Amino acid sequence: DKNFCWDNPCHPIPHNDSWGSDPRLYINITKENAAKFLPAPSPTPFLPPAANSVSVKDFGAKGDGVTDDSVAIQNAINSLPTTGGTVNVPAGTYMLGTSNGSLLTFPNGQPILCALKFNKDNTTLRGESNTATVLKLMANKKMRALCAPTKSPVIEKVAIDGNGRQRILYDPATGKPWTWPDGNVVDGILTVANSSNAIVRDCEIRNGIEDGVGTWQANDVLVQNCYIHDNGGFVFDPSAGFNVGAN
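Description of the structure in this document.

Definitions and limits used
- Residues numbered from 1 in each chain as written.
- Predicted model: local features only at pLDDT ≥ 70, side-chain atom pairs only at ≥ 80, totals over all residues.
- Heavy atoms only, no water.
- Pairing = 2+ DSSP bridges.
- Helix = DSSP H or I, 4+ residues; strand = E, 2+ residues; numbered from the N terminus.
- Axes fitted to C-alpha atoms, helices over the stretch in contact; angles between N-to-C directions.
- Core = buried A, V, L, I, M, F, W, Y, C linked by side-chain atoms within 4.5 Å.
- Buried < 20%, exposed > 50% of the residue type's maximum accessible area, 1.4 Å probe, protein only.
- Contact = heavy atoms within 4.5 Å.
- Disulfide = S-S within 2.5 Å.
- Polar contact = N/O pair within 3.5 Å; in protein donor to acceptor, adjacent residues only side chain to side chain.

## As for the sheet that holds strand β19 (residues 219–224)
Part 1: Strand order across the open sheet formed by 6 strands is β4-β6-β10-β13-β16-β19, with parallel pairing between neighbours. At either end of the open sheet lies a strand with only one pairing partner, and these are β4 (53–55) and β19. For this sheet the average axis-to-axis angle between neighbouring strands, irrespective of direction, equals 10°.
Part 2: Summarising the sheet, strand β10 (residues 123–127) and strand β13 (residues 154–156) pair through 3 bridges and their orientation is parallel. The partner of R126 across the bridge, within β13, is E156.

Okay, structure coming up:
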């Protein structure tokens, strides 16, 4: 006594707990065949959109000054939607010792490695403050700390430490430090090369055995309220019209 219409061969009927966990069943009735119960089609899984604001802690970053957090932070960067977003880096010292890409090459054609690399436009990396959040290269690593070759990248409220004392290598023939492109020397522990409308603000960039900020072939770069010191050279890119004393 379900009041089914014979003109439609398949009719939904209300859920009955005695039928099991399936929340909905269908009954198939035709004039020629006996009724039989069929499970409802499986629903399409719901996939939430990528978050446009994430914390590196949610991707396993420790910030304990010991653990190599490069991959965890890069995973947070990679998780952003194609439209970009913000990667939040809470207080802590995040060691960087694994390459997650490269940008440009050395004269011999070898790629210049990056511990962290932006891969979407409109990406922001934001710390708590340039005294509380530190990104620090690990000992004996020949790589940049952060590369942002995208449109409208923003790096703010972080300290980037090149850890020069533990990365510098010396020429055994002269006893002097190796210079570009030898040893562990790269150009710019933070580089916005090939970017446009880049912003670096409220940051401290220090202790590089190379330049503090690299701007090769970048357009419209703003470095604002930053303390750039104790690095190995000067940043100068005539094509960008940008010159920062790095020492």
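## Notes on the nonpolar core
Part 1: Grouped together as the largest cluster of nonpolar side chains are 36 residues, with contacts concentrated most on I73, I155 and I205.
Part 2: Residue assignment for this core shows that the elements contributing at least two residues are α1 (70–78), β6 (85–89), β7 (92–96), β9 (111–117), β11 (133–137), β12 (144–147) and β16 (196–201).
Part 3: In terms of residues, this core owes the most to one element, α1, which gives 4 residues.
Part 4: Setting aside its immediate chain neighbours within four residues, I73 contacts V56, A61, Y94, L96, L116 and L135.

## Here's the deal with unusual backbone geometry
Part 1: Of the consecutive residues W180 and P181, the connecting peptide bond is found in the cis state with omega at 0°.
Part 2: Relative to the helices and strands, P181 is located in the loop between α2 (164–167) and β15 (190–191).
Part 3: At D202, a residue that is not glycine, the phi angle is positive and equals roughly 55°.
Part 4: Positionally, D202 belongs in the loop between β16 and β17 (204–206).

## Considerations on the state of the cysteines
Part 1: Under the defined criterion, the tally for this structure stands at 1 disulfide.
Part 2: Paired through a disulfide, C114 and C147 show a sulfur-sulfur distance of 2.1 Å. Across the S-S bond of C114 and C147 the torsion is about -90°, and the bridge reads as left-handed. In this pair, C114 is assigned in strand β9 and C147 in strand β12, connecting sequence segments 33 residues apart. Here C114 and C147 have matching classes, each one buried.
Part 3: A disulfide-free cysteine, C203 has its sulfur positioned 4.7 Å from the sulfur of C226, the nearest such atom.
Part 4: The exposure class assigned to C203 is buried, which follows from its relative accessible area of 0%.
Part 5: The partly exposed category is assigned to C226, whose relative accessible area is 24%.

## Quick look at the side chain of S70
Part 1: With respect to the secondary-structure elements, S70 resides in helix α1.
Part 2: At 3.3 Å, the side chain of S70 and the backbone nitrogen of T98 are in polar contact.
Part 3: S70 has contacts with M95, L96, G97, T98, N100, A115 and L116, leaving out every residue within four places of it along the chain.

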